[in-house]
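Fold and geometry: a report
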Amino acid sequence: VASTIAAAEPADTNYDEKKVPPYELPKLLIDKASQSVGRSEWDSHRRTEILHLFEESVYGKTPKRQLSVRYEVIDSDANAFNGRATRKQIAAFFGEKQYRIDILLYIPNKSKGPVPAFLGMNFYGNHTVHSDPKIIQREKKKARGSFSKRWQAELIIDHGYALATIHRDQVAPDNYRNGFTDGIHPLFYTNGQKKPKPDEWGSIGAWAWSLSRVLDYLETNKQINASHVAVIGHSRLGKTALWAGAQDTRFAMVISNNSGCGGAALYRRCYGERIHHIMKKVSYWFCTNHRQYQKREHELPVDQHMLLALIAPRPLYVASATADRWADPKGEFLAAKHASPVYDLFDTSSLSGHEMPKPDQPIHSTIGYHLRTGKHDMTADDWRQYIKFANRFLKQE
Ligand code: GCU
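1. Quick word on the packing of helix H5 (residues 203–220) against helix H6 (residues 236–247)
Viewed as axis vectors pointing N to C, H5 and H6 meet at an angle of 60 degrees, and their least axial separation amounts to 8 Å. Classified by the angle between their axes, H5 and H6 sit oblique to one another. Read as a crossing pair, H5 and H6 show a hand that is right-handed. Taken together, the residues of H6 that come into contact with H5 (itself represented by Ile204, Gly205, Trp207, Ala208 and Leu211) are Arg236, Leu237, Lys239, Thr240, Ala241, Trp243, Ala244 and Gln247. Looking at the contact of H5 with H6, its residues break down into eight nonpolar, three polar and two charged.

What follows is the structure, encoded as structure tokens:
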């Protein structure tokens, strides 16, 4: 199919497989000392080496310092969704400045005992996730329930899962207007610091941090089985879910929906969105060090198969969409496939031996993959696959 570049896309975008440069991926199972890595070396040091490479060259370091936190349950109502769910809204206040993040949580009523959960960040506010009029609306840009299709809250509840969500802009506003003087970044600055250092976290790092903080809260809630939480995200928030799951092994499952460049897609394919494109618009998502790899993908010490391998042996789902060429579906599949050797070390099923499936033919090994027909979005069809996949791994006996 001849490639046409959409008006909004940069003129140098490559959509031609023949123009994908020959590339060699950095080796997952050879360590910095050039020694080959088996299961015990993976556990003892290789995993940590790779995590550090991502901190230094892609997302930046997440501060280790723990902030004090206080949770305030603002709302608890067992009559949500016509009595099928309990809605809870919890304000979490962090540090001395009592920085506030609002957690929206739906818990299915019919399940006995602690339930597994999906946790994801939303783009435009908790009130956009469902038309439920009781959801606290803290900002006005988008209407109530305007992203309910993307969230499928009732489908999730009816399958026995809780859903927890927070709003990205409440954690780190998704623009660089205030240059990291707002959101949570300043809570971690050392004396006189005004912005992150070159190897310190950008927005994706901050967003990922906040997902771990929601997991902290879920661990305190007896209705939730916090050891069965899937972290999920779409697009930039899919990049975020991957980075959260890579750093925080308490997440039992990780789901990347159309995460593309800086997410599940292999950088070295240089297909669709590339580092220099993403740097032009939203460099602040990454650490400053990441800028040096613009048009120099081959010099990166990592590629995204290594990010996905950091999830192993936990179940991982990577999903693409046919019309989402900007996110490079094939590059997303290949990263998942090339992460497989680490899953194989753990004797979990992987994508080794699989070729990229046709549209709408999901593969559910311990790594799940599908290419949904349609555009860049997270839909009911995607969710049906995620629930089916989660049923295998997160449902209690
Ligand atoms: C832009 C950006 C992508 C990102 C997407 C999104 O298209 O270039 O990298 O994934 O926005 O978050 O919707």
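2. Re the pairing of strand E4 (residues 115–122)
Burial of E4 is extensive: eight of the eight residues sit out of reach of the surface. With five bridges joining them, E4 and strand E6 (residues 224–234) adopt parallel strand pairing. Bridge pairing links Gly120 to Ile232 in E6. In the sheet, E4 pairs with strand E5 (residues 162–167) via six bridges, with the strands oriented parallel. Bridged to Ala117 within E5 is Ala162.

3. Brief notes about H6
In a regular helix each residue adds 1.5 Å, so 12 residues correspond to 16 Å; H6 covers 17 Å between its end C-alpha atoms and thus fits that length. Burial analysis of H6 places 10 of its 12 residues in the buried class, the great majority of the element. The complete set of buried residues in H6 reads Leu237, Gly238, Lys239, Thr240, Ala241, Leu242, Trp243, Ala244, Gly245 and Ala246.

Calculation criteria
- Residues numbered from 1 in each chain as written.
- Predicted model: local features only at pLDDT ≥ 70, side-chain atom pairs only at ≥ 80, totals over all residues.
- Heavy atoms only, no water.
- Axes fitted to C-alpha atoms, helices over the stretch in contact; angles between N-to-C directions.
- Helix = DSSP H or I, 4+ residues; strand = E, 2+ residues; numbered from the N terminus.
- Parallel < 35°, antiparallel > 145°, perpendicular 65-115°, else oblique.
- Left-handed = near helix turned anticlockwise from the far one by under 90°.
- Contact = heavy atoms within 4.5 Å.
- Nonpolar A, V, L, I, M, F, W, Y, C, P; charged D, E, K, R; others polar.
- Buried < 20%, exposed > 50% of the residue type's maximum accessible area, 1.4 Å probe, protein only.
- Pairing = 2+ DSSP bridges.
- Expected span 1.5 Å × (residues − 1).

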